[in-house]
Amino acid sequence: MKRLDRYLLSQLMALFGFFALVLVSVYWINRAVLLFDKLISDGQTAWVVLEFTALTLPNAIRLVLPVAAFAATLYALNRLAGESELVVMQSAGASPWRLARPVAVFGLIVAALMLVLVHVLVPAAKARLAERQAQVSQDISAKFLTEGTFESPAEGLTLYIRKISDLGELLDLFLYDARTPGLQTIYTAEKALIVPSAAGPKLVMFDGVAQTLRQSDESLAQTRFSDFTYDLGMVIGPDKAAQPALEALPSWQLVAPDPALLAATGARPEDVARELHDRLAQPLMAPVAALLAAAAMFLGGFSRFGLWRQMAGAVVGLIALQTLVNLATSATRTAPGLWGLYYLPPLIGLVASTILLGWAARPHRRSPSVHPAPGEAAP
């Protein structure tokens, strides 16, 4: 790379790091606050909250990288124009096509980072997050068990525990079950344990009594037991991690999905193709966003008031591209076979950037390198 390319690329990368850090921090903190309220209210520890927010970080980075590349390009070129460096480069014979080359290299570097994120890190983080969510959902003691209080985790079910030991043992348990019409059962046990299973958690009670009242004949049956297993799956539900989501699978498994993978995920072949092409199209927005910002900035000449009109036009263009991305996503959700729509917004953005660069490179636009201020005579 020539010195001019290295200089522009260094400016872009430095500003990209700053904007990426700021945008990721804002998005991540917003997400962390929501998780904090939800998990703390469920009785989880601060360590669990930190783990969950850390697992959302790769997806947050994926979302903000194209915007950070766009903002870095706008800011860098606006600063170069304000300090007359851009005018000097153009006066030395550097055309908009020539100046767009380091911008394109910068966009490809950001796209490479996004490739690693969307194909490796984001699926791995989502898979781990789904696994931890399934584990937390079965953590009964953290979800609804509280010492010394009566809890109703489901309609017709009341639970009381005198104490939860450091080993997780439920001491002096009382369980009232009136879910079956015409039957009321009270379970009391000296000790109980919660055992996870694929069908849902089980409550294993030791040294207790089960008293069942049948309302039809008002008969009472009493049974003593040394150990008894009560199914809590109706409260917590089955293990949701048993059916993996497509978003949590690595991309290499989506290239040629076998029948076992389709059966495990419950997805159709067109759903798998849609997910794969979505991942392939996402990194393309990074170089397109950077080139769109550069092309819009090259349309303006030197002005001591800045290139605010060009910046505003570039922002409007990016919003329009993101709107097209959202429309393509909505369309492919209802019709997965239209996965080709994922490539339409980057293609439109690339064509628009090419047109703008061609317009900026026209001779009649490049001749006046310096524009006089209002009220001043041209030199």
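Up top you'll find the structure we're talking about.
Calculation notes
- Residues numbered from 1 in each chain as written.
- Predicted model: local features only at pLDDT ≥ 70, side-chain atom pairs only at ≥ 80, totals over all residues.
- Heavy atoms only, no water.
- Helix = DSSP H or I, 4+ residues; strand = E, 2+ residues; numbered from the N terminus.
- Buried < 20%, exposed > 50% of the residue type's maximum accessible area, 1.4 Å probe, protein only.
- Contact = heavy atoms within 4.5 Å.
- Phe/Tyr/Trp six-rings, centres within 6.5 Å; stacked < 30°, edge-to-face > 60°.
- Salt bridge = Lys/Arg side-chain N within 4 Å of Asp/Glu carboxyl O.
- Axes fitted to C-alpha atoms, helices over the stretch in contact; angles between N-to-C directions.
- Parallel < 35°, antiparallel > 145°, perpendicular 65-115°, else oblique.
- Left-handed = near helix turned anticlockwise from the far one by under 90°.
- Nonpolar A, V, L, I, M, F, W, Y, C, P; charged D, E, K, R; others polar.
- Expected span 1.5 Å × (residues − 1).
- Pairing = 2+ DSSP bridges.

J.: Can you tell me about the overall build of the protein, naming the residues and giving the values?
T.: Along its length, the protein carries 14 helices and six strands. Burial status across the protein gives 40% buried among its 379 residues. Looking at the protein alone, contacts between residues at least 24 apart form 63% of all its contacts between residues at least 6 apart.

J.: Provide a residue-level description of the packing of aromatic side chains, including the pertinent values.
T.: Enumeration according to the criterion identifies eight aromatic pairs in this entry. Between Phe18 and Phe19 the ring centres are 5.4 Å apart and the planes differ by 70°, which places this aromatic pair in the edge-to-face class. Residue classification places Phe19 among the buried residues on the basis of a relative accessible area of 19%. Seen in terms of ring centroids, Phe225 and Phe228 are 5.5 Å apart; in terms of plane orientation they differ by 40°. Their pairing is tilted. Given a relative accessible area of 13%, Phe225 falls into the buried group.

J.: Now, about the pattern of salt bridges: what can you tell me, with residues and values included?
T.: Across all of its chains, the model carries 13 salt bridges by this definition. Across the salt bridge formed by Arg214 and Asp217, the nearest N and O atoms sit 3.9 Å from each other. Residue Asp217 is classed as partly exposed on the basis of its relative accessible area of 47%. When salt bridges that share partners are traced, they join Glu51, Arg128, Glu131 and Arg132 into one network.

J.: Which residues make up the packing of helix H11 (residues 285-298) against helix H13 (residues 344-360), and what values do they have?
T.: Where H11 contacts H13, the axes come no closer than 8 Å and their chain directions differ by 25°. In terms of their interaxial angle, H11 and H13 are classed as roughly parallel. For the pair H11 and H13, the crossing hand works out as left-handed. Contact with H11, carried on its side by Met285, Val288, Leu291, Leu292, Ala295, Ala296 and Phe298, involves Pro346, Gly349, Leu350, Ser353, Leu356, Leu357 and Ala360 of H13 and no other residues of that element. Partitioning the contact of H11 with H13 into residue classes produces 12 nonpolar, two polar and no charged.

J.: So what's going on with helix H3 (residues 57-82)? Residues and values would help.
T.: Here H3 spans 35 Å end to end across 26 residues, near enough to the 38 Å set by a 1.5 Å rise per residue. Along H3, 19 of the 26 residues are buried, which leaves the element largely enclosed by surrounding structure. The first or second residue beyond H3 is Ser84, which carries a positive phi of 65°.

J.: Mind laying out the pairing of strand S6 (residues 219-231), listing which residues take part and the relevant values?
T.: Sheet analysis places strand S5 (residues 202-214) next to S6, joined by 12 bridges and oriented antiparallel. Looking across to S6, one finds that Lys202 is bridged to Asp231. Hairpin connection between S5 and S6: a loop of four residues separates the two successive antiparallel strands, and Glu218 in this loop has a positive phi of roughly 55°.

J.: Hey, could you go over H11 for me, with residue numbers and the actual values?
T.: Taking 1.5 Å as the rise per residue, H11 with 14 residues should run 20 Å; its terminal C-alpha atoms sit 20 Å apart, in good agreement. Burial of H11 is extensive: 14 of the 14 residues sit out of reach of the surface.

J.: Before we move on, could you go through the sheet that holds strand S1 (residues 150-154) and cite the residues and values that matter?
T.: With antiparallel pairing, the six strands of this open sheet are ordered in space as S1-S2-S3-S4-S5-S6. Of all strands in the sheet, those with a lone pairing partner are S1 and S6, marking the two edges. For this sheet the average axis-to-axis angle between neighbouring strands, irrespective of direction, equals 20°. Pairing analysis gives 12 bridges linking strand S4 (residues 183-195) to S5, with the strands arranged antiparallel. Considered in S5, the bridge of Thr188 is made with Val209.

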